[in-house]
Amino acid sequence: MRSRARKLVLLAMLALLVLVPPAAALLHQLFYVDLLRRVMIFGIAAVSLDLILGYGGMVSFGHAAYLGVGAYAVTVLAYYGIHDGLLQWAVAIGGSMLVALAIGAVSIRTSGIYFIMITLAFTQMLYYLGISLDVFGGDNGMRLPERSQFFGLINLNNGTEFYYLVLTILAAVVLLVQRLVESRFGMAIRAAKSNEARSRAIGFSPYPYKLAAFVISGGICGLAGALLVNHTAYLTPDFMQWTRSGEILFMVILGGVGTTAGPVLGAFTLLVLEDVLSGWTEHWQIILGPLLVLAVLFAKRGLAGLLPGGRGG
Amino acid sequence: MNLQLVLEQILNGLQLGVMLFLMAAGLTLVFGIMNLVNLAHGSLYMVGAYLATTFYRWTGSFVLGSLLALPATLIVGVIVEVVALRTLYERDHLDQVLATFGLILFFNELIAIIWGRVGLFTDLPQWLSGSLDFGGGFSYPLYRLLIVMLGFAVALLLWYVVARTRIGMLVRAGASNRMMVAALGVNIRLLYTLLFGFGAALAGLAGAMAAPIYAVQPGMGEQILIQVFVVIVIGGIGSIRGAFAGAIIVGAVDTLGRAFLKPALATLISPTAAQAAGPALASILIYLLMALILALRPEGLFPARGH
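Summary of the structure given here. Owing to the predicted nature of the structure, the values given are computational and were not obtained by experimental measurement.

## A few points about the overall build of chain B
Here is step 1: Counting secondary structure elements, chain B contains eleven helices and two strands.
Here is step 2: Going from the N terminus to the C terminus, chain B shows its helices and strands as α-α-α-α-β-β-α-α-α-α-α-α-α.
Here is step 3: The C-alpha atoms of chain B give 20 Å as radius of gyration, which agrees with the globular expectation for 307 residues (19 Å, within 12%).
Here is step 4: Dimensions of chain B along its principal axes, counting C-alpha atoms only, are 65 × 50 × 35 Å.
Here is step 5: Looking at chain B as a whole, 53% of its 307 residues are labelled buried.
Here is step 6: In chain B, once contacts between residues fewer than 6 apart in sequence are set aside, the share between residues at least 24 apart is 77%.
Here is step 7: Within the structure as shown, chain B displays about 13,300 Å² of accessible surface, and the carbon and sulfur contribution to it stands at 68%.
Here is step 8: Across chain B, the centroid of the 15 positively charged side chains sits 8 Å from that of the 11 negatively charged ones.

## What to know about empty space enclosed by the protein
All names here are of chain A.
Here is step 1: In the structure shown here, the tally under the stated rule is five cavities of 30 Å³ or more.
Here is step 2: Taken as a whole, the second largest cavity holds about 50 Å³ of empty space.
Here is step 3: Elements with a minimum of two residues in the lining of the second largest cavity: α2 (31–53) and α6 (159–182).
Here is step 4: At three residues, the largest contribution of residues to the lining of the second largest cavity is made by α6.

## Overview of the interface of chain A and chain B
By a widespread convention, an interface's size corresponds to the accessible area lost as its parts come together.
Here is step 1: Each side of the interface is counted separately: chain A has 38 residues, and chain B has 41 residues.
Here is step 2: Of the roughly 3,900 Å² buried between chain A and chain B, counting both surfaces, carbon and sulfur atoms make up 79%.
Here is step 3: Among the residues of chain A in contact with chain B, Tyr114, Met117 and Trp242 of chain A are the three that bury the most area, contributing 17% of the side total.
Here is step 4: Ionic pairing is found between glutamate 282 of chain A and arginine 117 of chain B, a salt bridge with its closest N-O pair at 3.6 Å.
Here is step 5: At the boundary of chain A with chain B, the tally comes to five residue pairs in polar contact (both at pLDDT 80 or more).
Here is step 6: Residue assignment for the side of chain A that touches chain B shows that the elements contributing at least two residues are α5 (112–132), α10 (242–255) and α12 (285–298) of chain A.

## Side note on unusual backbone geometry
Residue and element names in this part refer to chain A.
Here is step 1: The phi dihedral of phenylalanine 151 is positive, around 50°, even though this residue is not glycine.
Here is step 2: Backbone geometry at alanine 233 places phi at a positive 60°, although glycine is not the residue there.
Here is step 3: Position of alanine 233 relative to the elements: it lies in the loop between α9 (206–232) and β2 (234–235).

## What about the layout of surface pockets?
Here is step 1: Considering only enclosed or pocket space, the largest pocket measures out at about 1,400 Å³ in volume.
Here is step 2: If you go around the largest pocket, you meet 45 residues; those closest to its centre are Tyr128 and Gln241 of chain A together with Gly219, Glu222 and Gln223 of chain B.
Here is step 3: The set of elements that each furnish at least two residues to the lining of the largest pocket consists of α5, α10 and α12 of chain A together with α1 (3–34), α4 (93–115), α9 (220–235), α10 (240–268) and α11 (271–296) of chain B.
Here is step 4: When grouped by side-chain class, the residues that make up the lining of the largest pocket number 19 nonpolar, 15 polar and eleven charged.

## Looking at α9 of chain B
Residue and element names in this part refer to chain B.
Here is step 1: Taking 1.5 Å per residue as the helical rise, α9 with its 16 residues ought to reach 22 Å, and the 23 Å between its terminal C-alpha atoms agrees with that figure.
Here is step 2: Of all the 16 residues making up α9, 15 are buried; the element is thus mostly covered by neighbouring parts of the structure.
Here is step 3: Just downstream of α9, glycine 236 is the residue with a positive phi angle, here 110°.

## Some details on the side chain of glutamine 88 of chain A
Residue and element names in this part refer to chain A.
Here is step 1: When you line up the elements, glutamine 88 lands in helix α4 (residues 85–107).
Here is step 2: At 2.5 Å, the side chain of glutamine 88 forms a polar contact with the side chain of serine 148.
Here is step 3: Discounting residues that sit within four places of it in the chain, glutamine 88 has contacts with Val74, Leu77, Ala78, Ile82, His83 and Ser148.

## Comments concerning the packing of aromatic side chains
Here is step 1: Taken as a whole and judged by the stated rule, the model has 24 aromatic pairs over all chains.
Here is step 2: Ring geometry for phenylalanine 21 of chain B versus phenylalanine 244 of chain B: centroids 5.1 Å apart, planes at 85°, classification edge-to-face. A residue pair is termed long-range when its members are at least 10 positions apart, and phenylalanine 21 of chain B in helix α1 and phenylalanine 244 of chain B in helix α10 qualify at 223 residues.
Here is step 3: Among the residues examined, phenylalanine 244 of chain B registers a relative accessible area of 24% and is labelled partly exposed.
Here is step 4: Three or more aromatic residues joined by ring pairs form one cluster here, namely Phe61, Trp242 and Phe250 of chain A together with Phe101 of chain B.

## Considering the packing of α1 of chain B against helix α2 (residues 41–59) of chain B
Residue and element names in this part refer to chain B.
Here is step 1: Where α1 contacts α2, the axes come no closer than 10 Å and their chain directions differ by 130°. Comparing their axes, α2 and α1 come out oblique. Between α1 and α2 lies a crossing of right-handed hand. For the pair α1 and α2, the contacting residues are Met19, Met23, Gly26 and Leu27 in the first and His41, Gly42 and Tyr45 in the second.
Here is step 2: Looking at side-chain class alone, the contact of α1 with α2 contains four nonpolar, three polar and no charged residues.

Thresholds applied
- Residues numbered from 1 in each chain as written.
- Chains lettered and ligands numbered in written order.
- Predicted model: local features only at pLDDT ≥ 70, side-chain atom pairs only at ≥ 80, totals over all residues.
- Heavy atoms only, no water.
- Helix = DSSP H or I, 4+ residues; strand = E, 2+ residues; numbered from the N terminus.
- Rg over C-alpha atoms; globule rule 2.2 N^0.38 Å.
- Buried < 20%, exposed > 50% of the residue type's maximum accessible area, 1.4 Å probe, protein only.
- Contact = heavy atoms within 4.5 Å.
- Areas by Shrake-Rupley, 256 points an atom, 1.4 Å probe, with all protein chains shown as cover.
- Lys, Arg positive; Asp, Glu negative; His and termini not counted.
- Charge placed at Lys NZ, Arg CZ, Asp CG, Glu CD.
- 1 Å grid on protein atoms, 1.4 Å probe; cavity = no way out; pocket = protein on both sides within 12 Å on 5 of 7 lines; lining within 4 Å.
- Points joined across faces, edges and corners; volume = space filled by probe spheres on them.
- Buried area = accessible area lost by both parts, 1.4 Å probe.
- Salt bridge = Lys/Arg side-chain N within 4 Å of Asp/Glu carboxyl O.
- Polar contact = N/O pair within 3.5 Å; in protein donor to acceptor, adjacent residues only side chain to side chain.
- Nonpolar A, V, L, I, M, F, W, Y, C, P; charged D, E, K, R; others polar.
- Expected span 1.5 Å × (residues − 1).
- Phe/Tyr/Trp six-rings, centres within 6.5 Å; stacked < 30°, edge-to-face > 60°.
- Axes fitted to C-alpha atoms, helices over the stretch in contact; angles between N-to-C directions.
- Parallel < 35°, antiparallel > 145°, perpendicular 65-115°, else oblique.
- Left-handed = near helix turned anticlockwise from the far one by under 90°.

Structure representation (structure tokens):
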């Protein structure tokens, strides 16, 4: 019953997202297509974080790093005249996975607060590295010369086509993560989360499983980075700023840790809230900050906990 | 590369090191004893810098302004502890990180509302702005030298308080068993609040000292905060000794790297390549050092005892 209710909720969300562009066109509010595309891109990043946080218990405060690596991969290739989207995005994913492998190899040896601080510090390192790359705009960043191209099949300059591409990728990522979590591999990382010593006693070392999950998560987030730079058409080192990592983490917590739809809901809530608040006042962060504190203190289960079947599994 | 330059950079490294130590000491005490991760520690540094600058302008005295900033930051710290952080002690680190992240957004915006987004700049008073001549053509700014000496003095005082006084004993006892200390009749809640305020005052001191030499602007706390994390991870979380060693190491590596990495690289590879790679490598040097130390000793150089 519960999993059926969950499936229905997911399908309803999908249907709503499919209907956004025609509805926005009807109401002449094309801005919302843009906003929701951004929401979905961050949704992908949040889903990738939830894979290691919600199921693997690894609190990465550095997911903005992969967003940045993915974005830099696309922009740097475009800068040198390579606009083939498949190649660009493959490099974005592969590069992010390599970076995640390096960061994960060091940080997974530790746990708890060390893990949080180390992932944060490495992301900051990449941020400074981005700033010092004067060829690619340094501090100011640079314009993406041209959006990724797919042999004329999909035109990313067309807002609606880009929107549906992001939606498709989001759905695929959600499905992939769900399959992963329910697989034998997913059971291994969930077991490591609940009790590492017991996992070892059963006869498998959690380290390679956790590292693999970390690398997969980084790859997915790198893809989100490739999408994000196509969305903004402008690359800045700010993609890797540590507050960005905090935002992605918040999306997961807000939506519900270890849930299927939660991270996407969280991304939606946080970004729409930011949009609404910044429409009211220039000093919107003074409202958002305490709201986030309250959310942590009182909304432990996240938004997905409010949905029917939301806590399945 | 002459001797004067090397000496000057070593002193610069020490100066950065003691400032990092003042920040790291408060953060590591609060973590080691209350088991609380406080990202907003950088905000207290920022508050200290703004208050010191403002008090300096009101009173016209740099020393008085800085001295006033200490109790003021302490009070801000106590308010933050009582209002927001007290409920977080029992929660997991993830909740603490996120809640204090929310506090950072709040403080940065509050500062921007009160003082504006443009940085504040203050000049040092006449008597502090000179350089001390050591002879042999070597001189060093008096103010930076004072920072180094003050930092060492605070480190010594801190060691004395924690290791040799009754208050320090209570703090150490509270760290190893909170329930037991409370059962023996100590108001542990008050102790925690005071300890947090004390850590805030140390951050405020660092901020007040930083005000005349760095830019005072919203968000200034986060930049140093992440360096302080590196310090704590290198030194070992919860250990004051580790914080001191880590701070001096990070201060020295960062400063010397920025000063000498480029010329050193230029002797190995072509000057144009060194021009590009030098600054990039210098800015990530402390993180590479952190990775290396973690690979060799995951607990840090001086892990706290009893954890």
